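So you can see what is in the structure, the chains are spelled out below.
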Amino acid sequence: MQTLPKKIHVVAFDVPYPADYGGVIDIYHKVEALHHQGIEVILHMYQYGREESKTKLRKITKALYYYKRSTFKNPFVGSTPYIVNSRNGNELLDNLLKDSAPILFEGLHCTYHIANPLLAKRFKIVRTHNIEHHYYKHLEKSEFSYFKKYFFRIEAEKLRKHESILKHAQLVAAISPNDYAYFAKKYANVMYVPAFHSNNAMDYPGAKGDYLLYHGNLSVPENYMAAIGLVKHVFSQLPNTPAIIAGNNPPKELIQLCAHFDNVELKSNLTTEQIHGLIRDAHINVLYTNQNTGIKLKLLNALYRGKFAVVNPLMVDGSGLDAICAVGKNLNEVLLKVKEYLLLDYSSSYFNNRKEFLSEHFNNTKSAQSLIDATDFSADSTPKQRSDKEVLKSLSQLSSFMSYFSL
């Protein structure tokens, strides 16, 4: 008797290709990894500002559905968070009801229909990309515009209340150990599934690089404030060392600041391939953040493709990645670490140790398989808690992961 292939619906908050920023990087490479494991993915995407990408996505999916996000909605009306309420179309629900396959909702963003009685017998997974109300509180603190600060404050409170919708999921897949610890205290059936990423192999990038690099989406307050801090307190203090700030849509303040220093160059709106080239050729990837939410996929990318990484504690908090980074507690210490590592060669021993670590703990194939193993693909699966054995296995895996860094 021929066995039918396993299917899963993936509901994405954005079009995940090109995979050029944090959230969609995880989604795209998760879909790709599930496809390679023989899972047929039915991909649903909310579209706003990004073009359809049918050719690339068709290669790794069974079917594609695009929906317009309702961005015209008033974000201050009602109790449902704007990021959820603007992804509320009934067309999505109709398409989910065409079969009885499991459903993976990407982030709280996509959970508008998760409590619908019509989905009561479906196996439902929520991939948590952040503790969203924490993330929005950080956005509020980073923002200068009063209107945006007010929006982020209201949205954070709505997200805090909406988070209880996770009780309707049979599985919550947290993206970081920190997030796992938070969600596991509040909900049953939580497991840690490491971030999916673009790096399936590692090539030695050479012993010496030509410059320092900070990269990120420069339209995001967290990122452009980090870039401003690094230019003022680190890069400008090393006038004989070239430094590059790279990312999309930099604000005028950052453009003007970089122009003041001969050794600092701003590169904007680059392709993914160009960013990867900059990461590879830098001697040090310098990354800084004032938020410890989720996991920083740009750091993971830098560790796979680049040489040395100098970061602050919030960049690696709870991720375990501090084991393979140089960590400075503040911008002054980051400057000292940069000066130290400028004198070192990125040797093959550094590279091999990092490769071994990343292969063990951030392996897309392993992560996809753990997600598959935890999913009930049987038709009309009724809501159920994971067995004690499965929960203990998940805790054991996480304990093993974290113990690596306490040696």
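Residues numbered from 1 in each chain as written. Predicted model: local features only at pLDDT ≥ 70, side-chain atom pairs only at ≥ 80, totals over all residues. Heavy atoms only, no water.

## Remarks on unusual backbone geometry
Our working definition: In DSSP terms, a helix is any run of H or I states spanning at least four residues, a strand is any run of E spanning at least two, and both are numbered starting from the N terminus. Partly exposed describes any residue whose relative accessible area lies between the buried limit of under 20% and the exposed limit of over 50%, with all areas from a 1.4 Å probe on protein chains only and scaled to the type maximum.
Residue Pro-18 is bonded to the preceding Tyr-17 through a cis peptide linkage, with omega at 5°. Counting through the fold element by element, Pro-18 comes out in the loop between strand E1 (7-12) and helix H1 (22-36). Of note in the backbone geometry, Asn-189 takes a positive phi value of approximately 65° without being a glycine. Inspection of the secondary structure assignment puts Asn-189 in the loop between helix H7 (177-184) and strand E7 (190-192). Here Asn-189 falls in the buried class, since its relative accessible area comes to 10%. Non-glycine residue Asn-249 carries a positive phi angle of around 50°. You can call Asn-249 partly exposed: its relative accessible area is 46%.

## What about the pattern of salt bridges?
Rules: Any carboxyl oxygen of Asp or Glu within 4 Å of a side-chain nitrogen of Lys or Arg constitutes a salt bridge here.
Under the criterion given, the structure shown has 16 salt bridges. Note that Lys-30 and Asp-26 form a salt bridge whose closest N and O atoms lie 2.8 Å from each other. One end of the pair, Lys-30, and the other, Asp-26, are both in helix H1, four residues apart, so they sit about a helical turn from each other. For the pair Lys-30 and Asp-26, one class covers both residues: buried. Across the pair Arg-127 and Asp-26 runs a salt bridge whose closest N-O atoms are separated by 3.0 Å. Residue Arg-127 is found in strand E5 (residues 124-128), and its partner Asp-26 is found in helix H1; the two are separated by 101 residues along the sequence. Residues joined in a network through salt bridges with shared partners are Asp-26, Lys-30, Glu-106 and Arg-127.

## Some points on the side chain of His-113
Which entries qualify depends on this criterion: Counted as a polar contact is a pair of N or O atoms within 3.5 Å, where, for protein atoms, one must be capable of donating a hydrogen and the other of accepting one, and residues adjacent in sequence contribute only when both atoms are in side chains. Contacts are assigned to residue pairs that have any heavy atoms within 4.5 Å of one another.
Along the polypeptide, His-113 turns up in the loop between strand E4 (103-106) and E5. One polar contact links the side chain of His-113 to the main-chain carbonyl oxygen of Gly-89, over a distance of 2.9 Å. Setting aside residues no more than four positions away along its own chain, His-113 makes contact with Asn-88, Gly-89, Asn-90, Leu-92, Leu-93 and Leu-119.

## A short note on the packing of helix H5 (residues 132-142) against helix H6 (residues 146-162)
Packed helices, taken two at a time, are described by their axes: the angle between them and the distance between them. Basically, it comes down to this: All axes here are fitted lines through C-alpha atoms, helices being fitted over the stretch that makes contact, and every angle between N-to-C directions spans 0 to 180 degrees. Should an angle fall under 35 degrees it is called roughly parallel, over 145 degrees roughly antiparallel, and 65 to 115 degrees roughly perpendicular, with every other angle called oblique. By convention, the crossing between two helices is left-handed when the near helix turns anticlockwise from the far helix through less than a right angle, and right-handed when the turn is clockwise. Gly is placed with the polar residues, together with every amino acid not listed as nonpolar (Ala, Val, Leu, Ile, Met, Phe, Trp, Tyr, Cys and Pro) or charged (Asp, Glu, Lys and Arg).
In the contact formed by H5 and H6, the axes pass within 8 Å of each other and the chain directions differ by 165°. Viewed along their axes, H5 and H6 adopt a mutual orientation that is roughly antiparallel. Crossing handedness for the pair H5 and H6: left-handed. Residue-level inspection shows Glu-132, His-133, Tyr-136, Lys-137, Leu-139, Glu-140 and Lys-141 of H5 in contact with H6, the latter providing Lys-149, Phe-151, Phe-152, Arg-153, Glu-155, Ala-156, Leu-159 and Arg-160. Of the residues assigned to the contact of H5 with H6, the class counts are six nonpolar, one polar and eight charged.

## Looking at the packing of aromatic side chains
Applicable threshold: Working definition: rings of Phe, Tyr and Trp (its six-membered ring) pair if their centres are within 6.5 Å, and the pair is stacked with planes under 30 degrees apart, edge-to-face with planes over 60 apart, and tilted otherwise. Counting as a charge over the ring demands two things of the Lys NZ or Arg CZ atom: a distance within 6 Å of the ring centre and an angle within 35 degrees of the ring normal.
Under the criterion given, the structure shown has 17 aromatic pairs. An angle of 15° between the planes, with centres 6.1 Å apart, marks the rings of Tyr-346 and Tyr-350 as stacked. Accessibility expressed as a relative area gives 1% for Tyr-346, which makes it buried. Site record: aromatic cluster; members linked through ring pairs are Phe-76, Tyr-82, Tyr-135, Tyr-136, Phe-147, Tyr-150, Phe-151 and Phe-152. For the cation-ring pair, Arg-69 lies above Tyr-48, with the distance from its terminal atom to the ring centre recorded as 4.6 Å.

## Let's talk about the sheet that holds E1
To keep things clear, this is the line we draw: Criterion used throughout: strands pair if DSSP finds at least two bridges between them.
Pairing within the open sheet is parallel, and its seven strands lie in the order E3-E2-E1-E4-E5-E6-E7. Of all strands in the sheet, those bounded by a partner on one side alone are strand E3 (63-68) and E7. Strand-to-strand twist in this sheet, taken as the mean axis angle between neighbours without regard to direction, amounts to 20°. Inspection of the sheet shows E4 paired to E5 by four bridges, in the parallel sense. Residue pairing for E5: Glu-106 is matched across the bridge by Arg-127.

Keep in mind these numbers describe shape, not what the thing actually does.
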